[in-house]
Amino acid sequence: MSRVTLLALQVLVAVVCIALWQLLSTVPVFGKILLPPFFFSNPVDVFSQIVKWFASGVIWKHLAITLWESILAFVIGSVAGVLVGFWFARQPLVAAVFDPYVKMANALPRVVLAPIFALWLGLGIWSKVALGVTLVFFIVFFNVYQGVKEVSRTVLDNGRMLGMSEGQLMRHVYWPSALSWMFSSLHTSVGFAVVGAVVGEYLGSAAGLGYLIQQAEGIFDVAGVFAGMFVLSAFVILIDSGVTLVERRLLVWRPTAADGRG
Amino acid sequence: MTTPTAVALEDAKVAFRLGDGRVYTAVEKAHLAVAQGEFVAIVGPTGCGKSTLLNVAAGLLKPAAGSVKIFDRPLAGLNRDAGYLFQADALFPWKTALDNVAIGLEIKGTPRSEVLPQAQKWLTSVGLGAFAGRYPHMLSGGQRKRVALAQVLIRDPKILLMDEPFGPLDAQTRQVMGNLLLDLWNADRKAVLFVTHDLEEAIALADRVVIMSAGPSSRIIGDWRVQLARPRDIFEVRMDKEFHALHREIWSVLKDEVMKGYAQSTHAAEAV
Ligand SMILES: Nc1ncnc2c1ncn2[C@@H]1O[C@H](COP(=O)(O)OP(=O)(O)O)[C@@H](O)[C@H]1O
Ligand SMILES: [Mg+2]
């Protein structure tokens, strides 16, 4: 199938869904409106709400806050994950001692931490960053740990025979291997950074996309809720394509599934 | 003056502790000397302990008994005089071909601006001058082996350890690589310990061919000198009458070991 046909079909799905939504929420079927506007709003209202946000400029402040929280959560969580992952992988004893606690902490649904973070860190951005960090950290940690442990024996021996010191093995062998594992989970960890920020905002804050959605819900403004969700989706997709670009640059050396071998 | 001995294994024994606590003796009473400038090939059935022996010479494995001497000095730790061409893929997948070759000098602290032209030169001499920017996964098996060869040679090691370097390649590529290796070796005649399961390849390349028996407790059971004139061409040397005579002689010994090795490995599989 050509790209154009594919794109046309993809657009068609959206058009059909939106048209159905508009139709069922405004035109009665057998004397009854199937999607009552109070619960489902309608595309026109949602769209005009989005336009209003962008026209008045209020949305930018909220987007900027959510973006900033996500970035902080991602950076802090990744740095901590890389450091601890490296440390555990190189110190099997430490890893063995902490293993049950790491598993326990990771098993905990992070949402329950949100009120505690709000209590500790206030309703500003840091309680949201903290929530995101707890999500990002474990993904990066597990991947880096794996990446360091699964370095090929032969590649390591080769490094040694070429005369690498422990520090040089770190830099030329362990580090790139760990990073490649980390980057392969980049989409997930960036996604979770955003989830942490938005969920945190939703549960208690004064700004951000999560706050916007929560506010609309508070006054039964369904159009506002849907508008917030659409803006959030677009925001995530934008960030995700940014990640794809970064990934392409950083992982050029990795074979893709389509590559031939031999 | 006698030529110094580059690698000397004296009564080396290597044992592995298996998962279930038993001990598997892979190689026993291995006695082998490689003189400076000498090209020695080791041939034996699969699983007899050829890679193990090279690892001992490289210092990656410590023998359970016996000694390893490098230029008459007991080997402690890694063998810093040796370059090792591994049987499995050992290139750094995150480095380009050029960087893979350059790394050997870079880690010595030579500035990159000096290293890169040399790395390029070595890539060219293994016939991959145009592939400098490729990552290992973009190269064929034979090309990867050539990059690995350049990676080892750029450090100018006094001893070259090669573990079935042409193993996974097709017959034609093997011969091309063999000639390439002989050309490079002819330039400065390093001591070479070359492992192969291909007897013809061993005779065509080496000054001496050493045969190992089937494991466990594999030993060196034969040592033949190859008197074919140098420089050699791998294609032509195989037509030589002397080549055939030697091949027949060594094969009569090797054949029994190959059969034994095969029988033992199937037995072992049945026992499991
Ligand atoms: N780490 C190990 N633990 C246990 N057995 C091993 C180990 N490495 C090699 N062996 C055994 O030692 C024998 C020799 O292995 P190797 O030297 O790799 O053989 P090859 O001659 O094919 O290179 C084999 O039977 C192999 O199963
Ligand atoms: Mg082997």
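Reading guide: rules and limits
Residues numbered from 1 in each chain as written. Chains lettered and ligands numbered in written order. Predicted model: local features only at pLDDT ≥ 70, side-chain atom pairs only at ≥ 80, totals over all residues. Heavy atoms only, no water. Helix = DSSP H or I, 4+ residues; strand = E, 2+ residues; numbered from the N terminus. Buried < 20%, exposed > 50% of the residue type's maximum accessible area, 1.4 Å probe, protein only. Contact = heavy atoms within 4.5 Å. Areas by Shrake-Rupley, 256 points an atom, 1.4 Å probe, with all protein chains shown as cover. Lys, Arg positive; Asp, Glu negative; His and termini not counted. Charge placed at Lys NZ, Arg CZ, Asp CG, Glu CD. Domains from an automatic or database assignment. Buried area = accessible area lost by both parts, 1.4 Å probe. Polar contact = N/O pair within 3.5 Å; in protein donor to acceptor, adjacent residues only side chain to side chain. Nonpolar A, V, L, I, M, F, W, Y, C, P; charged D, E, K, R; others polar. Pairing = 2+ DSSP bridges. Axes fitted to C-alpha atoms, helices over the stretch in contact; angles between N-to-C directions.

Moving on to the overall build of chain B. Secondary structure summary: chain B contains eight helices and 10 strands in total. In terms of overall dimensions, chain B has a C-alpha envelope of 55 × 50 × 50 Å along the principal axes. Counting across all 272 residues of chain B, residues that qualify as buried make up 52%. In chain B, once contacts between residues fewer than 6 apart in sequence are set aside, the share between residues at least 24 apart is 68%. For chain B, the exposed area adds up to about 12,300 Å²; of that, 54% sits on carbon and sulfur atoms. Separation between the mean location of the 32 positive side-chain charges and that of the 30 negative ones in chain B comes to 4 Å.

All names here are of chain A. Here chain A is described as being made up of domain 1 (1-40) and domain 2 (42-250). With centres defined by C-alpha atoms, the gap from domain 1 to domain 2 works out at 33 Å. Tallying the contact residues gives seven residues for domain 1 and eight residues for domain 2. Of the roughly 680 Å² buried between domain 1 and domain 2 on both sides combined, carbon and sulfur atoms contribute 73%. Among the residues of domain 1 in contact with domain 2, Trp21, Gln22 and Phe38 are the three that bury the most area, contributing 64% of the side total. Counting every contact that joins domain 1 to domain 2 gives one residue pair in polar contact (both at pLDDT 80 or more). Taken together, the elements giving at least two residues each to the side of domain 1 that touches domain 2 come down to α1 (3-26) and α2 (37-40). Here the residues of the side of domain 1 that touches domain 2 sort into five nonpolar, two polar and no charged.

Okay, the sheet that holds strand β9 (residues 208-212) of chain B next. Residue and element names in this part refer to chain B. Read across the sheet, six strands follow the order β6-β7-β8-β3-β9-β10 without closing on themselves; strand pairing throughout is mixed. The two strands at the open ends of the sheet, each matched to only one other strand, are β6 (82-85) and β10 (220-225). Going across the sheet, the axis of each strand differs from the next one's by a mean of 15°, ignoring polarity. Both β6 and strand β7 (residues 159-163) contribute to a ladder of four bridges, which runs parallel. Directly across from Tyr84, in β7, lies its bridge partner Leu161. Strand contacts of helix α4 (residues 141-153): β6 and β7, with the helix running at about 170° to β6, the strand carrying the most contacts.

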